[in-house]
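So the chains spell out like this:
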Amino acid sequence: MCEGRPHRFSRASRLDLKYPSPVVSNADLAEAFFQLAESHPPGELRLALLRAAYAVFDNPRELDGVRRLPETVPLEVLPTMAMLRGCRGRDAVAAAAHRLAGPHRLRGSPTREGFLTAAEVSRVVADGGGLDPRHLRGAAHWHTRASDGAATLEAMARACLRRGATWGVVTDHTRGLACVNGLDAEGIELQRRAVASWNRRRGEELWVVQGLEVEILEDGRLDVPRTAREGVLLVAAIHTGLAERRDQTGRLVRALQEPGVWTLAHPRGRLFARRAGIRANWEVVFAAAAEAGVLVEVNGFPRRQDLDPTLIALAGGAGCRFLLASDAHHPRHLAFDATAVALCSQAAISREAIANFGPLDHLAAGRPDLAVP
Ligand SMILES: [Zn+2]
Ligand SMILES: [Zn+2]
């Protein structure tokens, strides 16, 4: 039995890479800033410390020994930054943080555990391990202006092309409980035409398949009728009841039996520094996904990183295959599939078990309704 509880593991031993580790990693530095922020009451100082924490967490390079700090580090926390960066090792960082703390006690949070910093992603990817984001052929699970994305389908597809993809799956939200801006029946039809128009003109370079990110309802059914699932790849996800601590195994397992479900998206629904995600018996969920032939998503959006390497390894052991998702809401976000690659590398998942490294015709196997060339 494996509950959806974040796993505590020491940051010192979590990245066993050939690439040299920094004396003070961004992970330790960012965690110190998060804890310092929370040691202060709400106000300007707390906000500045939080902004510094995120600036460090999202910086693609380790800051150890680097002179230039990310521009988003607020000026008022530069002395704190200098003091923490001057420490030799994580114990020294923790001790310095204690000296700098505000009125509340410093404490970690399970909602921040088991996430890779952007610098760790770069290090894991540089270290190789058989998985290289440059070899990805499919860019899957991204959004457009038709739901809550920032760009048009054309702009997103062009950005996928620039990243070297040969196929893509657009997955805008449906208009359910979870997304007021989602697609209704007319929106789905309009997008179908936009996808067909792209494929007519540029399908030889990048073939786009229409998908939908659908909501798994409380009883495990989906928020789209069966008639709307024809010719569409469904990524099914939970976006409601995520903060509740009840077990949601049944809800997920029933959704996996629904016709047309292609991928189980961000299975836990965790959010960095916000919530740990749902509880479920993941062994049962992954066995059901493998049995149903539904892909398990590894969501690389930095604030999601859902699943983490421990659960990815559990799913791999259960015989699941994976879809790597950037969950991009902007062309810039498409690069987040590298985070998913890093998470899979850490779980020692093989390239063959990941749909995005394969060609389009693998994707369409058993789905004659997809009209793939
Ligand atoms: Zn989602
Ligand atoms: Zn999404």
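This text goes with the structure placed above it.
Calculation criteria
- Here the residue numbers are simple positions, counted from 1 along each chain's written sequence.
- In the order they appear in the text, chains get letters beginning with A and ligands get numbers beginning with 1.
- The predicted origin of the model limits local features to residues at a pLDDT of at least 70 and limits the giving and counting of side-chain atom pairs to 80 or more, whereas totals for whole chains, interfaces and linings rest on all residues.
- For the side-chain quantities, the full set of heavy atoms in the structure was used; hydrogens and water were omitted.
- Labels follow the DSSP assignment, with helices taken as runs of H or I lasting at least four residues and strands as runs of E lasting at least two, numbered in each case from the N terminus.
- Within these notes, the globule rule equals 2.2 Å times the number of residues to the 0.38 power, and the radius of gyration is based on C-alpha atoms.
- Working definition: with a 1.4 Å probe on protein chains only, accessible area under 20% of the residue-type maximum means buried, over 50% means exposed, and in between means partly exposed.
- Any two residues whose heavy atoms approach within 4.5 Å are treated as being in contact.
- Charge assignment in this entry is limited to Lys and Arg as positive and Asp and Glu as negative, and neither His nor the chain termini are counted.
- A charged residue contributes its charge at one atom only: NZ of Lys, CZ of Arg, CG of Asp or CD of Glu.
- Strand pairing is assigned whenever DSSP detects at least two bridges linking the two strands.
- Axes here refer to lines fitted to C-alpha atoms; in helices the fit is confined to the stretch in contact. Angles between the N-to-C directions go from 0 to 180 degrees.
- Any two of the Phe, Tyr and Trp rings considered here, Trp counted by its six-membered ring, make a pair once their centres fall within 6.5 Å; the pair's planes then place it as stacked at under 30 degrees, edge-to-face at over 60, or tilted in between.
- Charges are assigned to positions over rings by a cutoff of 6 Å between ring centre and Lys NZ or Arg CZ, combined with an angular limit of 35 degrees from the ring normal.
- Expected helix span is computed as 1.5 Å times (number of residues minus one).
- As used here, the term nonpolar core means buried Ala, Val, Leu, Ile, Met, Phe, Trp, Tyr and Cys residues forming a set that is joined through side-chain atoms within 4.5 Å.
- Domain start and stop positions are those given by an automatic or database domain assignment.

A closer look at the overall build of the protein chain
Now for step 1: If you tally the helices and strands in the protein chain, you get 13 helices and 7 strands.
Now for step 2: For 373 residues, the compact-globule estimate of 2.2 N^0.38 gives 21 Å, and the C-alpha radius of gyration of the protein chain, at 21 Å, lies within 12% of that figure.
Now for step 3: Its C-alpha atoms give the protein chain principal-axis dimensions of about 65 × 45 × 40 Å.
Now for step 4: Residue burial in the protein chain is summarised as follows: out of 373 residues, 55% are buried.
Now for step 5: Sequence separation of at least 24 residues holds for 77% of the intrachain contacts in the protein chain that already meet a minimum separation of 6.
Now for step 6: Both charge centroids of the protein chain, one from 48 positive and one from 43 negative side chains, sit 4 Å from each other.

What to know about the sheet that holds strand S4 (residues 233-237)
Strand pairing in a sheet takes place through backbone hydrogen bonds and is either antiparallel or parallel in direction.
Now for step 1: The parallel closed barrel is built from 7 strands, whose spatial order is S1-S2-S3-S4-S5-S6-S7. The sheet shows a mean angle of 35° between the axes of neighbouring strands, taken without regard to direction.
Now for step 2: Looking at chain direction, S4 and strand S5 (residues 261-264) are connected through 3 bridges and run parallel. Looking at the pairing, alanine 236 lines up with leucine 264 of S5.
Now for step 3: Sheet strands in contact with helix H8 (residues 185-202) are strand S2 (167-173) and strand S3 (207-215), and its direction is about 160° off that of S3.

A look at the packing of aromatic side chains
Now for step 1: Tallying each qualifying case throughout the model produces 7 aromatic pairs.
Now for step 2: With a centroid separation of 5.0 Å and 90° between ring planes, the pair formed by phenylalanine 34 and tyrosine 54 is classed as edge-to-face. A residue pair is termed long-range when its members are at least 10 positions apart, and phenylalanine 34 in helix H2 (residues 26-38) and tyrosine 54 in helix H3 (residues 44-57) qualify at 20 residues.
Now for step 3: Overall, phenylalanine 34 belongs to the buried group, its relative accessible area being 2%.
Now for step 4: One aromatic cluster is present, formed by Phe34, Tyr54, Phe57, Phe115 and Phe272 through successive ring pairs.
Now for step 5: The aromatic ring of phenylalanine 115 is capped on one face by arginine 270, whose charged end is 3.7 Å from the ring centroid.

Examining H2
Now for step 1: Between its first and last C-alpha, H2 extends 18 Å over 13 residues, near the 18 Å set by a 1.5 Å rise per residue.
Now for step 2: For H2, the buried fraction is high: 12 of the 13 residues fall into the buried class.
Now for step 3: Along H2, the residues that are buried comprise Asn26, Ala27, Asp28, Leu29, Ala30, Glu31, Ala32, Phe33, Phe34, Gln35, Leu36 and Ala37.

A short note on the nonpolar core
Now for step 1: Formed by 50 residues in total, the largest nonpolar core has its most connected members in Leu252, Phe286, Ile312 and Phe322.
Now for step 2: Counting residues per element, this core draws most heavily on helix H12 (residues 337-346), at 6 residues.
Now for step 3: Both of domain 1 (11-125) and domain 2 (131-370) provide at least three residues apiece to this core.
Now for step 4: Apart from residues no more than four positions distant in its own chain, phenylalanine 286 is found in contact with Val296, Leu307, Leu311, Leu314, Ala315, Ala318 and Cys320.
Now for step 5: Counting 27 residues, the second largest nonpolar core, distinct from the first, contains Val24, Cys87, Leu106 and Phe115.

The analysis is restricted to geometry; functional conclusions fall outside its scope.
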